[in-house]
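Working through the structure, step by step
Here's the letter readout for the chains.
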Amino acid sequence: MGVDSSGTLQDLVDTFNEEHKGEFQVRYREMPADTGQYFDQLRTELQAAASEIDVIGGDVIWPAQFAANGWILDVSDRFPESERQRFLPAPVDSLVYEGAIYGVPWFTDAGMLYYRTDLLEQAGFSEPPGTWDEMKEMALKTAQDTGTRDGFVFQGAQYEGGTVNGLEYIWTHGGDVLSGDQVVIDSPEAVAGLETERSMISDGVASQAVSTYKEQETDPAFLGGRSVFARNWPYMYALSEDPEVSKIEPAQIGIAPLPAGESGQSFAGLGGWNMMINANSQRQEEAWEFVKWMTSEQGQRQRALAATLLPTRKSLYEDQEILEKVPVIRLGKEAIQSTKSRPVSPYYSDMSLAMAEQFNLSLKGETDPQAAVQNLQEELTKIVEQGS
Ligand code: GLC
């Protein structure tokens, strides 16, 4: 699994090992924080079939590609329909490839709009924005009135998170990437989406630096009190509860669904992480034992309480303790209910590299949005056609 800033993963592994003394022990191998870099490293190992990894904590965008290459174990028998029903449908769907299922959902993610309730109030706003234009106006006025450096921070770097952010602009303006197997990204809606993203910098709402921001740069900007708004995943909420990390407190933070374009609707990019088993693992029974334990109510509850990682088990959304102690679940409810998946394809990783590049060039003003979607129409079509 990638870097776990919350430390809860090692705690859980320790507890598991304690409970399984004399049977077998699990070691957490830390992989890169950037999901794309993690993916590259894993792919190299899995291709060589030489990996000592048994269990993979993997991004929701990976199963189609891993399954198509035979790298992960089909767990359809171990994880039957009756059991799958206890989980949220979108994370389960992320694991289904050609009718079989390849893992168990671990935690889910949704892109959300974080805002400073105190600053908006000082600037005379009582509600979060509904559209991107409203957000820009509010961000500019609030930053100016309150002497805050930035209006908005988000993930604009050339990497997977940049792909998700770009897609959210496209989706909230009514555009999309695929319709069935057809690439449909060259549309006026997608252009409008990338224009809005670009305007964050060109209209001075965000600094030029967001074109290099990943999640790790977003956290200190928003939690350090340097931005009115931020787009991020739920985990950032937990960091605001730690005064060593955050200059602002949870009471100063509001959460809303991402704004929509004038004629679009709000969507949140679906993120999240699954537990999968290496198809070449020599310890499949033990691996399954561990996957079951980590994705159990108890395992998920601990991560939700300590790290505000959203559970994938439906029951935990009705759990009083969680609802009380993990406010981001209540505050982010609308976002969690309006998620949209990135394209599902065995070639997704190539598609994403192309999108990350064009979205970043467009954000920096080096390619205009119209040309960016035309380039993508061509590149993505080539990639998708490899498979037919
Ligand atoms: C989060 C999401 C993951 C996404 C990544 C992008 O970790 O859960 O799905 O790919 O962010 O940076």
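Residues numbered from 1 in each chain as written. Predicted model: local features only at pLDDT ≥ 70, side-chain atom pairs only at ≥ 80, totals over all residues. Heavy atoms only, no water.

1. Comments concerning the environment of Asp-150
With respect to the helices, strands and loops of the structure, Asp-150 is situated in strand S6 (residues 150-153). The sequence separation of Asp-150 and Gly-225 amounts to 75 residues, and the corresponding C-alpha distance is 9.3 Å. Setting aside residues no more than four positions away along its own chain, Asp-150 makes contact with Ala-143, Val-205, Ser-207, Arg-226, Ser-227 and Val-228. Within the structure, Asp-150 has its side chain in polar contact with the side chain of Arg-149 (distance 2.9 Å). (Helix = DSSP H or I, 4+ residues; strand = E, 2+ residues; numbered from the N terminus. Contact = heavy atoms within 4.5 Å. Polar contact = N/O pair within 3.5 Å; in protein donor to acceptor, adjacent residues only side chain to side chain.)

2. Quick notes on the packing of helix H9 (residues 188-202) against helix H18 (residues 369-385)
Contact pair H9 / H18: the axes reach a minimum separation of 8 Å and the direction vectors enclose 130°. If you check the angle between H9 and H18, you find them oblique. Here H9 runs over H18; the crossing is right-handed. The residues of H18 that touch H9, namely those facing Ala-190, Val-191, Leu-194 and Glu-195, are Pro-369, Gln-370, Ala-372 and Val-373. Across the contact of H9 with H18, the residue classes break down as six nonpolar, one polar and one charged. (Axes fitted to C-alpha atoms, helices over the stretch in contact; angles between N-to-C directions. Parallel < 35°, antiparallel > 145°, perpendicular 65-115°, else oblique. Left-handed = near helix turned anticlockwise from the far one by under 90°. Nonpolar A, V, L, I, M, F, W, Y, C, P; charged D, E, K, R; others polar.)

3. Observations regarding the packing of aromatic side chains
As enumerated under the stated definition, the model contains 18 aromatic pairs in all. Here Trp-106 and Phe-107 contribute two aromatic rings whose centre-to-centre distance is 5.4 Å and whose plane-to-plane angle is 65°, an arrangement assigned as edge-to-face. In terms of burial, Trp-106 and Phe-107 fall into one category: buried. An aromatic cluster is built from Tyr-38, Phe-39, Trp-62, Phe-66, Trp-71 and Trp-273, whose rings are joined through pairwise contacts. Positioned above the aromatic ring of Phe-79 is the side chain of Arg-84, whose terminal nitrogen or guanidinium carbon lies 6.0 Å from the ring centre. Against the face of Tyr-159 rests Lys-214, its NZ or CZ located 5.2 Å from the ring centre. (Phe/Tyr/Trp six-rings, centres within 6.5 Å; stacked < 30°, edge-to-face > 60°. Buried < 20%, exposed > 50% of the residue type's maximum accessible area, 1.4 Å probe, protein only. Lys NZ or Arg CZ within 6 Å of the ring centre and 35° of its normal.)

4. Section: unusual backbone geometry
A positive phi angle, close to 45°, is found at Glu-98, a residue other than glycine. Mapped onto the elements, Glu-98 comes out in the loop between strand S2 (96-97) and strand S3 (100-101). You will see that Thr-308, though not glycine, has its phi angle at about 40°, which is positive. Position of Thr-308 among the secondary structure elements: in the loop between helix H13 (297-307) and strand S12 (310-311).

5. Some points on the pattern of salt bridges
If you walk through the whole model with that rule in mind, you get 22 salt bridges. A salt bridge links Arg-27 to Glu-52; its shortest N-O distance comes to 3.3 Å. Separated by 25 residues along the polypeptide, Arg-27 in the loop between helix H1 (8-19) and helix H2 (35-47) and Glu-52 in the loop between H2 and strand S1 (55-59) bring together distant segments of the chain. On the accessibility criterion, Glu-52 (53% relative accessible area) is exposed. Bridged by salt links that share partners, the residues Arg-27, Arg-29, Glu-45 and Glu-52 form one connected network. (Salt bridge = Lys/Arg side-chain N within 4 Å of Asp/Glu carboxyl O.)

6. Some remarks on the site of the ligand
With respect to spatial proximity, 13 residues lie near the ligand, and among them Asp-59, Asp-109, Glu-215, Gly-272 and Arg-342 are the closest. At a separation of 2.6 Å, an oxygen atom of the ligand approaches a polar side-chain atom of Asp-59. Between an oxygen atom of the ligand and a main-chain N or O atom of Gly-272, the distance comes to 2.9 Å. Computed on the free molecule, the ligand has an accessible area of 310 Å², of which 91% lies beneath the protein chains in the complex. The class makeup of the residues in the shell around the ligand is four nonpolar, four polar and five charged. (Near = heavy atom within 4 Å. Areas by Shrake-Rupley, 256 points an atom, 1.4 Å probe, with all protein chains shown as cover.)

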